[in-house]
Amino acid sequence: MQARFRWTTFDVTGSLPPGWQQEIAAVAADADFREFPRTPVLSREAPSVDSIPRGRVHADQVRDRLPWLYEAYRGEFLELAGEAVQESVLPARDDRYGVVLNVQQGTSMRFECHVDSNPLTGLLFCTDHPVGGELVFAHDATAADIDAVERDCSVIRPHAGHLIFFDARGHPHYARPLTAASGMRIVAVMNFYTESFPESTRPSELNRHLYGDR
Ligand SMILES: [Fe+2]
């Protein structure tokens with residue numbers, strides 16, 4: 001039987017540096033905004049969808065411009081990740097996909113419907129959205145597009161300063177578009193690995209697609 005979807009939330013507001021939201025917003029404004037082609041292997045978009053518009057701040061920019069976030073990923077957040085799964089957890093060794101920011105601006109962007117390749121993902125919500133921008137997880141592992149995800153799902157509303165952990169290898173998920181044209185949704189996404197499911201399991205197709213690896 002498929003494991004029921006669950007997640008763990010930590011409110012880390014008190015341990016983030018003063019002005020963290022403004023600092024992240026300034027970096028997010030310079031994100032790489034464009035149509036991103038669907039991801040090989042992991043995409044759960046309808047066949048008619050070739051690309052999805054959104055913004056991304058790449059890992060090297062996060063490291064250079066938000067050093068406290070890069071450090072928290074290997075420090076405090078890593079410890080919380082271990083608490084969430086009761087197993088020893090490791091950050092990615094490859095700096096290209098450790099921590100990135102996903103950004104949605106206006107109402108036309110959303111995040112691709114996909115399954116994760118890593119056994120544990122951490123998301124730090126950096127903005128609040130009473131409506132729109134929800135993160136939606138399918139209960140059905142075979143959901144193959146956003147309509148199927150929406151039919152039976154868990155919905156998480158972004159709260160700035162909340163750090164959530166989940167295993168979504170078997171739960172297709174996506175982020176809904178915003179409802180306010182002036183809105184900006186920012187989330188820091190962190191890949192974690194475990195001893196039983198190490199970084200070496202990451203599909204090589206993914207690195208070829210994202211970074212042109214051979
Ligand atoms: Fe994901």
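In what follows, the accompanying structure is described. (Residues numbered from 1 in each chain as written. Predicted model: local features only at pLDDT ≥ 70, side-chain atom pairs only at ≥ 80, totals over all residues. Heavy atoms only, no water.)

### Here's the deal with the overall build of the chain
Check the secondary structure of the chain and you find six helices and 12 strands. The C-alpha atoms of the chain give a radius of gyration of 16 Å, which matches the 17 Å a tight globule of 214 residues would have. Summarising its shape, the C-alpha atoms of the chain cover approximately 45 × 45 × 35 Å along the three principal directions. Relative to its full complement of 214 residues, the chain shows a buried share of 50%. For the chain, contacts bridging at least 24 residues in sequence account for 83% of all contacts bridging at least 6. (Helix = DSSP H or I, 4+ residues; strand = E, 2+ residues; numbered from the N terminus. Rg over C-alpha atoms; globule rule 2.2 N^0.38 Å. Buried < 20%, exposed > 50% of the residue type's maximum accessible area, 1.4 Å probe, protein only. Contact = heavy atoms within 4.5 Å.)

### Focus: the environment of Pro-17
Inspection of the secondary structure assignment puts Pro-17 in the loop between strand S1 (7-11) and helix H1 (20-28). Linking Pro-17 and Trp-68, residues 51 residues apart in sequence, is a C-alpha distance of 7.9 Å.

### Structural notes on helix H3 (residues 67-74)
Here H3 has its buried residues at Trp-68, Leu-69, Ala-72 and Tyr-73. One face of H3 carries all of its buried residues, which in axial projection span an arc of 140 degrees. (Arc of directions from axis to C-beta.)

### A closer look at the packing of H3 against helix H4 (residues 76-85)
Closest axis-to-axis distance for the H3/H4 pair is 3 Å, and the angle between their directions is 35 degrees. Viewed along their axes, H3 and H4 form a crossing whose handedness is right-handed. Contacts between H3 and H4 involve Leu-69, Ala-72, Tyr-73 and Arg-74 from the first element and Glu-76, Phe-77 and Leu-78 from the second. Here the contact of H3 with H4 is composed, by residue class, of five nonpolar, no polar and two charged. (Axes fitted to C-alpha atoms, helices over the stretch in contact; angles between N-to-C directions. Left-handed = near helix turned anticlockwise from the far one by under 90°. Nonpolar A, V, L, I, M, F, W, Y, C, P; charged D, E, K, R; others polar.)

### Focus: the pattern of salt bridges
Under the criterion given, the structure shown has seven salt bridges. Note that Arg-65 is salt-bridged to Asp-30, the shortest N-O span being 2.9 Å. With Arg-65 in helix H2 (residues 59-65) and Asp-30 in the loop between H1 and strand S2 (32-37), this residue pair connects regions lying 35 residues apart in the sequence. According to the relative accessible area criterion, Arg-65 is partly exposed, its value standing at 36%. A relative accessible area of 45% places Asp-30 in the partly exposed class. Glu-134 is the salt-bridge partner of Arg-176, the closest N and O atoms lying 3.4 Å from each other. With Arg-176 in the loop between strand S11 (173-175) and strand S12 (184-194) and Glu-134 in the loop between strand S7 (120-125) and strand S8 (135-138), this pair connects stretches of sequence that are 42 residues apart. One salt-bridge network, held together by shared partners, links Glu-134, Glu-150 and Arg-176. (Salt bridge = Lys/Arg side-chain N within 4 Å of Asp/Glu carboxyl O.)

### Examining the sheet that holds S8
Spatial strand order, S6-S11-S8-S9: four strands in an open sheet with antiparallel pairing. At either margin of the open sheet sits one strand with a lone partner, and together these are strand S6 (111-114) and strand S9 (153-156). Mean inter-strand twist for the sheet, computed between neighbouring axes without regard to direction, equals 15 degrees. The pairing of S8 with S9 spans four bridges and is antiparallel. Bridged to Phe-137 within S9 is Ser-154. (Pairing = 2+ DSSP bridges.)

### Observations regarding the coordination of the iron ion
Bound to the iron ion are the protein donor atoms His-114 (NE2), Asp-116 (OD) and His-173 (NE2), situated 2.0 to 2.1 Å from the metal. Of note, the iron ion draws all its donor residues from one chain, in the sequence arrangement H-x1-D-x56-H. Here His-173 lies in strand S11 and Asp-116 lies in the loop between S6 and S7, a separation of 57 residues in the sequence. Grouping residues by exposure puts Asp-116 and His-173 together as buried. (Donors = N, O, S within 2.8 Å, 3.2 Å for Na, K, Ca; no water.)

So yeah, pure geometry; function would need other evidence.
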